[in-house]
Structure formats: structure tokens, C-alpha cells
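# Structural characterization, general
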Amino acid sequence: MTEDVEVRTHETIHITILRARHLKGHRGDAVTSFAKVEFDGKHLGDSAKVETSPDADAEYSFTTTLDCSFADGNHIFDDIASKPILVTITEVLPKEKKQKEEKSSILGQCTIDMLPLLSNSTSNITTSLELQPCPGSPLETVQPDLPKAEVDVMVAVNEALLDHNLLQQSNILTVRIGSLYSPPESWTAVGTQYNYTIGLPVPVSSEKDTSLIFANGAFKLATERELSKRKMKWHSVPNSVAHSQFITTSCTSRIPVDEEKGDFCGKTNKEQRAEAELEKPRVTWDVERRCYLGNEAKSELQMRIAHTRLWPVEIMRTTSAQVKGIAGPGTGGKKDKSSSDDDGQVSFHGIAYVDLAPLLYPGVKSVAGAFKLHAFSESELLEKVKRKSAIADSVARVQSSTSRVTGSSPVQKGGKAQAGKEPTVAVPSKKGSGVKQSESSAEIGESVHAAVNTEGTAYKDANSFVYLEFLLATPMVPRREPEDLAELVREYIPPRPQFKRAVGGAQKAIEDYHSQLSSVAVMVLDEFRDAFGPDVFEQDSGQYPEMHQDRKRQLLYQLNSSGKYFAFKEQLKHSIVKIVREKYMKTTTFQNKDDLQQFLSELYVYLVDEMHLALQKVLSVETEETSSVEPFLNSSQLKMFAEEAEVNGDLAAASKYYQERLALDEKNPDHWFDFGSFSLLIGNNTKAKECFKEAVSLQQSYIDGLLMYGIMCTIEESYIEAEAVFERATSLAEANLQSPSLAWMILALFYDIQGNEIRAEHSYSEASKLNKTSQQTTDKNSGAPTEKQDSKHFLVGHDSDLNAATGTGSNVRTQITGSAKSISTVKGTKSTGKKETGRVKSSTDNSVVSNDLDEKPTEMAEDPNLHQKQSIMGNSPTESVFLQAAKWLLDRKALRFAENALSHELLSSLGNPNAEYYIALARLNMMRKDYQDANKNLESSISLNNEHPDAWSMKGHLNYVAGNFVEARDCYERTLAFVTDASETHAIYLRLGSIYLQEEQFSNAKRIFLLACKHSPTCLSWFGVGVACYRLGEIEEAEDALAEANILNNKNAEVWAYLSLVCLKTNRRLEAEQSYKNAIKLGITDEEILNEVHQLQTVVGFGNPSF
């Protein structure tokens, strides 16, 4: 038999008025009073009358209840969230003579906010509330330095209204209506009085909406200044007066304009907003309405925002009934019959479309800002938000019906609004379905829409806007915590231990054996020296071999007779037992003697071999001191050699250098990261991903590695893993202040690729905000803009240099035939290289940026010098976050992401980009072998800034690749003549020097190559010096330079060939022959140098062993 689960159908809220303090009555401090409790205009009960003195509190101890029925769904929760409990303290005045009934006077009121009952699993509220004095109350005259009147209250429930599951499934939406600024010029504070109303829909379920109506907007002149901090009023508190209408816990100040999400948050709108808010009239509401969203309503709201982004907020003006319905002279005091028909007519019907998409950003709970008002249009409403009915229809119906039934307007006679009571209520309506209206309502609706084109356009003419705030108790899309992201990344990429594990097991046993042998050997040597030391030094033992045997017998006898032999055996015994157990894993007895003898033989041989190794170490220590040799090349040099090899298209050598860096220190994440970037360059995506993963496993907080690993996951369409890794990178970047804008930017590009517009928009916004903050911090610390160069620069080589991965990694393209030779193959003769005439196209999957980007260089702004004032070099503080990300991605060969970043840079510059943009775009073109577009973009960059060294250096590289060496030389010379250096000068030195060698300008070549050696000495730079000196006849200097080159890289066949030439010139037969052998062994491919060597060998008659 199953037990039925009890379902709650109602809950009772217990409201207790405990006491009141510091009361002051009309006739002194002795006050007789009672407390009255109301909720939504419903009287819940009165306390007993309590007399109090100045020294005592008014102890009411009065408890009443409020029954909450769950039969109507979430309606009761919405009432609890949006409506307070009203507590009124009333003074009972003494009876006068001939007075039949007691008189009373309200001292003050206060409201109890019951939202905490829905915000968490609390079951009671205990607080002290300040009693707000009513007009004419003695509490108004209390001195500021005296204590204020207070009321102690307690609200409790037997069981929490919302359990944990309901709290997780529900949410609280708070709508705050501020003010309408810059109203139409026809609105004035004198003459006919109007009611200003704002309305908007809120979903109750997937099929039903409710309309929130905010009426009684107050028209205020510009002379009535707004406070920086204002309290919000309750949306509906019947029977409340004066300050009790305000929410005591809702005293807010507006967020900075730069952080707003409205239509007037840009820099260009600051002056306009300041003028509208300070110098023009306004209509103010300052009302707050909270809405409880159940699971269905919450999902519906999220779905609508995701589909349409925009939320309609309508504004209208209606004529107050007391103005139109006042009886005129001669009417006998009767109300005009037509007044009730016209009452509630809507005019100046406008609408604001609020973009609530930021509420779908992870962790975002609010949207606030100034939103532009438009003339209402049904077709536009249907098109933008897919909604057919207008809120104005509900307002017109409610106000019209109220006027007919009551014969008066919702606004009280005398022009004063009913205290605390909004004239309209939330009106439910079916989503997407029409509501039958009476004939008069239909006529009103027709009149509303007829007036749109005339009165509604007044908002546009006046440039009106309204300030609104939308807040959620919890984010619709929670942002994952850094700890959760770190754990998730650890699951994808298990961390590697930072240090080598302690050696144990067999290795430890062998090391102990060696240690004991060394100790015993030292003691045996000491015994031998004590016994035969003088004789050994005086006599030559080599002539008397029989003396060795005699001394050996004497030493063994002495050791045995003294017992030291057995002590040495015992010292070695424990280490040998460990070897048997750990290495041979023998822990049980042998079954037969044959197995035992075989094992002992193997063990004896092994122990003797290890003994010899240990004794060699002991003897070497005794005879010769050895010192650890530091590696000749360090990590930075190896990286420089690898990048140089990339420039020259020698990818095999570059790979070798990167692997040497790993062998030097495999625990350094930078080494794995650089090798991963190189693997991406050559199209080995699998290897690149493994390298980035290894870098992150060594250091879980390695931001660059996380970003590149996420990019590789995106390439493989592992989007869930990529998103987690990118989010982890953003959290680390924000915490460590390490380029947080870059991490957010790459996350935005990832969402762009996925087509997630809302998440991408949020990430772009965060990146721009962090970039702006970083710029302000830099300017503040330095006092002036500083230049920040990235660690990697332009590495543009000949044909194979530009074998960059298409997309973010594709197979290396075949080399273009007929291209210029690299620096490693330069000679002292003129080159016969032909110009490249063909053009290699990139893959279709990663084609160059769209045609719009290709055509834009000819469609520049009218002022071509607009960008001359901008910084010439690098990532300057004024550089946009899009361009920073594009450069970073180009350096790591992530071309797809880089292309997206450049597209956003073009859009952000409104089609008028700067020189840096065109340089970055040219780099992208060159990596994709689109040389024609690259040249066009470089021309555009130079037209914007003809003193940009990077533009001229890249143009030189482009000409060098095409075989136009004269043009390349001119570009390189111009680049080096600038005051500011290019981002990367090493490649310029190498290529310009090679051109000088080809043109037989050997002095210039020597000078340029020496500059390269001064800035970054490499094998190729010293080789260039050696070639130039050799051609100049400076044989001794040539030999020194070639020796330096050979030290840095002894695997370069051409260096050996030139060394052979030098040795032949200096008549050194052995060295010439050895150098020639090494050149042949390493596979020299330059036939001209080889022929020159053969000719010189023939002249001198030696140097070739085959003669």
C-alpha cells in the first residue's frame, strides 16, 4: 500500500505587531493608540488600545493572520512579492463633553516588505520599521536629533512558502519606471490636467500575459531638480499616504551612463542627455513593480527574449476625468453626459523597444538605461515583438469601465490621487488572441490608432526617451564559477606534476647498491694505503707483478683476521636483498636447485657489472674532478633560431630547434606552446592540439595555452569543451589582470562562429569595457600612451615562408617554383632567380575576407590624412580590442578567428579603418598566399600612413617573395631609415644583406649583416658576414665570422663549404679537406658554391680526397 503525498493547498502568514517606540500624540507624550493591519486594501485586524508613557513602549503584542491559497497558482506569490503589509498607528483622543464617540487621529504608517519570504527559504521576518508620519501628525514636528518613532514587527509562516526546488525554478522580475525626459513641446504643467501612463506585458504562462500599468506620472518642470538617490514607490498600497508609499529598502542611484544598455549610452549622447535631464521638463513615476515568475513564466520570458530580443513598453496620455466631467454653469450641478464617453481616451501613444537580450548573458541580472520613444504602430509591434494587441487597449477599457461604473475617474476629486492606489491593475490578456470589446471600446481603440501618426510622432520630434530598469533576483543564465571551470578543465586536461616524482622501486635499490659499494671501496682503499702506502710510492710495481698477488693475499688476510671483511659483506647485504626484491621481484623460495643456480648466476653477473660502474665513479672522483657543462644554447636562442628557420622556409630545421627546446626543459609550458604554434603553421593540427594540451597540463592557469586549446577544439567542433576552456581563460584573465579583454574577445569570436549572437554580444561588450579600463590604467600610470609590442612579429619569408595554415591549420602548400632563394643559399654572384608570375589561391574553406573588405581600400573617407595622428607602432593604448585580438591570432596562425576579428574591426570603424587594420589584413592575405590582395591592402595602409615601418617592411617582403629584389631593397632601406624600428628587423637585415650580396655590394652587405649580428646573432647572420668578407678578400675576418656561424650551427653545409674555401686560400690542406667532407656529408645543394670549391681545389691541388 502506497502512502499518498500530502500537497499543500494553503499557508497562513502570521503578522505580529510587537511594540511601538517614541510615539508622540496631540496632547503630549502620553498616548493611547492601537495598530491596524491591512493587506491590499483588506482589513486584517486591529490591536487593543494601549496606553503608553514617555518612558515606556506601546506593547501591542497583536497577531493577525493572512491566508494564502495556492489554488490560484502563482497569483498569491505575485501579491506577496509586489504588495506590502500596511501598518497604521492611530491615536485615540480623549472624549470631550457631550461627545458620543471617541475621536481618532492617524499618527503614521509603515509597510512590511514580504519579499524575503520568496527570496530564500526563510520562514520569518523580524525587523524594526520607521513610522512615517501622516499629514498633520505630531510626529512631523519631531526634532531631527530626537529618535524617530519605530514599530517592531514579526512575520512568520509555519513552513517556507517556497521550498528549494521552487526557489531554483522561479525568479523575481523587478520593473522600475523612472522618468520620461524631453517630452513633446505641447505638454505643459498648466491648463488641462492629464494622466500619464506606462504599460508593458509580462508572461504569466506560455499562453497568458498580464499587463503592468504604471499610472499617475507627475509632470515636473526643469526647475525641480532630481535627487541622485531616490526611493522607489510601491506599485499598489491602498489607503497609504505620504511617505509610507515608498519602499524603505529600495533607495537606488542610477548606474553610470557608460554601463547602461539603452539607446543613449554612447559618448555622442552625453550632451543630449544632460540637456534633457537638466534643462527640460519631465514626467516622473519612480515606481517599482515586482513580478513572481514561476517555472513556466520564467521559461516563456527567456524564450521570447531569445526570439525577439526586444520588449515593448508603451506610454500614453489620458485626460483626467475630473477635468472633463466637472458640472458647468447652468447644468444644475449635473455631470456632462458625454464626459464619461470621452473619459480614458488615449493620446500621444508611443512605444519604447527595450533590448532585454543582456538578461541572457551569463551572470547578468539587470538591464537599465534610457530608451528612445517611437510613435506606436501595430505593424511595427507585430514585426518586432510578434505581438498583436497593445497595452493601450487594456488601459482604455479599464479607465472607460471605471468611469461608467463609478461615474468618476480613478483619480480622486480635487485633483489628488487616491492615496497609494494606482488607478489601474494588472489586466490579463491572451497571448496572440483578440479580446472582444464593447462598441465603445472598439471606438476608443480606433481613435487611438488614428492618432498615432500625428501625436505619436511628437516623441520623435522631441527626441524623447524614458529611463527604465529591469532586474532579476537570480540570473536567467548563471555564470559558472571559476572553481567549477577549473575542475572542468582538469577533467579535459589532467594536470601534470610540477616536479619529477621521487625515484623508488628498482631504481632506488640500484642507487643504494652503488652508494654502499662506494662506501666499502673507500674503506678498502684506506686499509690498503695504511698497509702498503710507502712501498707503493717508492717501487715500480709494474716490474714486479708477483708483488701484486702477495699484497692481495696480505690484504685479504688482514681483512678476514680483523673481521672487517664480514662487516663489509653485511653492509652490502641489505642493498643486494633490495635488488632481488625490487628488480627481480623474487620474494618466495625456489622450487628446485637448478632454478636457484640459474638465478644466482644471473644475479652475480648483474652485481659485478654494477660494481664496475660504481667503482668507475669512485675512481673518477678520486682522480679527476668533473664539472657540469652548461648547454651552449639557451631557450631564447633556440627560439630565435627556430623563427629564423621559419622565415627561410627551412621547416625541418625549425622543428629540430623547437624539439631541442623541449629537450632542454620539457616542463616549461612556453616551449610546448611555441611548438604547438609551429605545428599549426605546418598544418599538423593533431600535434598542435597535443602541444597546447601539454602546456595547460603543466600549468593549469596558462591563459595563452587555454585560448589556443579552445581554438583547436573549435576547429574539431568540440564546442562544449571549447566553451568551458574559453570561460576558464576569461576567469583567469580577470583575476590575474592578464589581457582580460583578449580572452573575452576570443570567447566572443567563438560564439560568433557558433551563431550565438546574444552570448557573442555580451563577450564583445565585456572585452571593450575591460580594454577601456586597461587603457585608462595605462594612461594614469604612465602619464602618456605607451607602446606595447607583442612577443611575436611578422615572419614573412619566401615561398615556403608563407606556407601558413589555411584556416587554422592545413597541409603545407607546395613551394612556388621560380621564387627567390633564402639567405642560406646566397652567393657572391648575382642571382638568376626569376620573378614569380603565378598566384597560389587559398582553400575555399578559408578564403580571404569578403568582397566588401577587398573593395574598401578605394572607398576611403574624404580625408585621407585622418589616421596620420594615430600611433605608428604596435598595440597602442588607442588600439581597438578587435585589432589586438587579430594580431594575437595572426601570430598564432589562427586565421579563421583572426578573419572574424578583422571583420568586426572594419564594422567598428564604420568602413574607415586605420593603417594597422590594413597591415593585419595584408598579413592574413600573405598567409593565404593571396599576394594581389595583400599588395592592395599594403598600398591602402601606406596611403593612410606613409611613415609606418611595418607597412614598408611587409611590402619589401612581398616584393622579395615575388623576386622583385630592386623594389624589395628600396622598401627595406626606407624601413631602416625611419626613426621608429619595424616590429621585426632581423628578417629585414637578412634579406637586405642577401640582396646586397646578389648585387655584389659586399661592403653594404657586411654592414647590414653585422647589424643583424649585433641585434640577434645567429648562424645565418654570421654566415652573411663571412660571405661578404670573403668576397671582399678579408680572409681572416671571413674565417672568424664563419667559425662563429659554425659554432651556432655545425649542420649547415654551406658554412662548411665556405670554410673549405677559406682553408684552401690559406693553404691548410687538412682543414680544407675536412671541411669539404663535412659539406658533402651534410648534403650541400648549392651547385655554384660547390663548383667554386672544385675549381679552387683544382688550382691549389688539394682539398678533395677523390683526386
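Heads up: these notes are all about the structure in this document. All residue numbers here refer to positions counted from 1 along the written sequence of the relevant chain. Per-residue local features of the predicted model are confined to residues with pLDDT of at least 70, and side-chain atom pairs are confined, for both listing and counting, to 80 or more; whole-chain, interface and lining totals are unaffected and use all residues. Hydrogens and waters are ignored; side-chain quantities use all the structure's heavy atoms.

## Brief notes about the nonpolar core
Among the nonpolar cores identified, the biggest contains 127 residues, and Met-745, Ile-746 and Leu-889 are the most heavily contacted of them. Runs of H or I in DSSP of at least four residues are treated as helices and runs of E of at least two as strands, each being numbered from the N terminus. Ranked by residues supplied to this core, first place goes to helix 23 (residues 740-754) with 11 residues. Side-chain atoms within 4.5 Å link the members of a nonpolar core, which is a set of buried Ala, Val, Leu, Ile, Met, Phe, Trp, Tyr and Cys residues. Each residue gets one of three labels from its accessible area relative to the maximum for its type: buried under 20%, exposed over 50%, partly exposed in between, using a 1.4 Å probe on protein chains only. In terms of nonpolar packing, the next biggest core, distinct from the first, is built from 45 residues, Leu-131, Leu-139, Val-151 and Ile-172 among them.

## Some remarks on the packing of aromatic side chains
Here a ring pair, both rings aromatic, is described through the centre-centre distance and the interplanar angle of the planes. The criterion for an aromatic pair is that two Phe, Tyr or Trp rings (for Trp, the six-membered ring) have centres within 6.5 Å, with stacked assigned to planes under 30 degrees apart, edge-to-face to planes over 60 apart and tilted to the rest. Scanning the model with the defined rule gives 26 aromatic pairs in all. Ring centres 6.3 Å apart and planes at 35° place the aromatic pair Tyr-658 and Phe-675 in the tilted group. With a gap of 17 residues between them, Tyr-658 in helix 18 (residues 651-664) and Phe-675 in helix 19 (residues 669-681) connect regions that are remote in the sequence. Assigned by exposure class, Tyr-658 and Phe-675 land together as buried. Three or more aromatic residues link up through ring pairs in this structure, and these residues are Trp-187, Tyr-196, Phe-219, Phe-348 and Tyr-459. The criterion for a charge sitting over a ring is simple: Lys NZ or Arg CZ within 6 Å of the ring centre, and within 35 degrees of the ring normal. The ring of Tyr-657 is capped by Lys-656, whose NZ or CZ atom sits 4.2 Å from the centre of that ring.

## Focus on helix 5 (residues 295-308)
Between the first and last residue of a helix there are one fewer steps than residues, each counted as 1.5 Å, and that sum is the expected span. An ideal rise of 1.5 Å per residue puts 20 Å on 14 residues; helix 5 measures up with 20 Å between its terminal C-alpha atoms. Residues of helix 5 that are buried: Ala-297, Lys-298, Glu-300, Leu-301, Arg-304, Ile-305 and Thr-308. Along helix 5, the residues classed as buried sweep out an arc of 165° about the axis, all on the same side. The positive-phi residue at the C-terminal boundary of helix 5 is Arg-309, with phi of around 65°. Relevant arc is that of directions from the helix axis to the C-beta atoms, nothing else.

## Some remarks on the pairing of strand 12 (residues 194-203)
Among the 10 residues of strand 12, 9 are classified as buried, and the element is accordingly described as predominantly covered. A pair of strands is treated as paired once DSSP finds two or more bridges between them. In terms of strand pairing, strand 12 meets strand 13 (residues 208-220) through 7 bridges, oriented antiparallel. The residue of strand 13 that forms the bridge with Val-202 is Thr-210. Counted along the chain from strand 12 to the antiparallel partner strand 13, the turn is 4 residues long.

## Overview of unusual backbone geometry
Even without being glycine, Asp-40 reaches a positive phi, approximately 55°. We classify Asp-40 as partly exposed; its relative accessible area is 32%. At Ser-61, a residue that is not glycine, the phi angle is positive and equals roughly 45°. Within the secondary structure layout, Ser-61 lies in strand 5 (residues 58-69).

## A closer look at the pairing of strand 13
With 3 bridges joining them, strand 13 and strand 16 (residues 282-293) adopt antiparallel strand pairing. Across the sheet, the residue bridging to Phe-219 is Val-283, located in strand 16.

## So, the packing of helix 32 (residues 986-998) against helix 33 (residues 1002-1015)
Angle between the axes and distance between the axes are the two parameters that describe a pair of packed helices. Across the interface, helix 32 lies against helix 33 with an axial gap of 8 Å and an inter-helix angle of 160°. Considering the angle they form, helix 32 stands roughly antiparallel to helix 33. For helix 32 against helix 33, the interelement crossing comes out left-handed. Side by side, helix 32 and helix 33 meet where His-986, Tyr-989, Leu-990, Leu-992, Gly-993, Ser-994, Tyr-996 and Leu-997 of the first sit next to Phe-1002, Asn-1004, Ala-1005, Ile-1008, Phe-1009, Leu-1011, Ala-1012 and His-1015 of the second. Of the residues contributing to the contact of helix 32 with helix 33, the split by class is 11 nonpolar, 5 polar and no charged. Every axis in this analysis is a line fitted to C-alpha atoms, fitted for helices over the stretch in contact. Angles between the N-to-C directions lie between 0 and 180 degrees. An angle below 35 degrees is read as roughly parallel, one above 145 as roughly antiparallel, one from 65 to 115 as roughly perpendicular, and any other as oblique. By the definition used in this description, the sense in which the near helix is turned from the far one sets the handedness, with an anticlockwise turn below a right angle giving left-handed and a clockwise turn giving right-handed. Pairs of residues are marked as contacts when any of their non-hydrogen atoms sit within 4.5 Å. Only Asp, Glu, Lys and Arg are considered charged, only Ala, Val, Leu, Ile, Met, Phe, Trp, Tyr, Cys and Pro nonpolar, and every remaining residue, Gly among them, polar.

## A closer look at the sheet that holds strand 1 (residues 10-21)
Pairing in this open sheet of 4 strands is antiparallel, and the strands run 5-1-10-8 from one edge to the other. Among the strands making up the open sheet, the edge pair consists of strand 5 and strand 8 (124-130). Looking at each pair of strands side by side, their axes are set apart by 20° on average, direction ignored. For strand 1 and strand 5, the ladder comprises 10 bridges, and the chain directions are antiparallel. Bridge pairing in strand 5 places Thr-16 opposite Thr-63.

## Structural notes on helix 32
Here helix 32 contains 13 residues, and its C-alpha end-to-end distance of 19 Å stays within 8% of the 18 Å for a straight helix at 1.5 Å per residue. Most of helix 32 is tucked away: 13 of the 13 residues are buried. Following helix 32 by one or two positions, Glu-1000 has its phi on the positive side, about 60°.

## Brief notes about the environment of Ile-177
Along the chain, Ile-177 falls in strand 11 (residues 171-181). By relative accessible area, Ile-177 is classed as buried at 1%. Between the C-alpha atom of Ile-177 and that of Asp-286, which follows or precedes it by 109 residues, the distance is 5.5 Å.

## Some remarks on the pattern of salt bridges
We define a salt bridge as a side-chain nitrogen of Lys or Arg found within 4 Å of a carboxyl oxygen belonging to Asp or Glu. One pass over the full model with this rule turns up 47 salt bridges. For the salt bridge of Arg-176 with Glu-288, the shortest nitrogen-to-oxygen distance reads 2.9 Å. Taken as a pair, Arg-176 in strand 11 and Glu-288 in strand 16 lie far apart in primary sequence, 112 residues in all. An identical accessibility class is assigned to Arg-176 and Glu-288; each is buried. The partner of Arg-969 in a salt bridge is Glu-999, with the nearest N and O atoms 3.0 Å apart. Of this pair, Arg-969 sits in helix 31 (residues 965-977) while Glu-999 is found in the loop between helix 32 and helix 33, placing the two residues 30 residues apart along the sequence. Here the residues in one salt-bridge network are Arg-19, Arg-21, Glu-59, Glu-150 and Asp-152, joined through shared partners.

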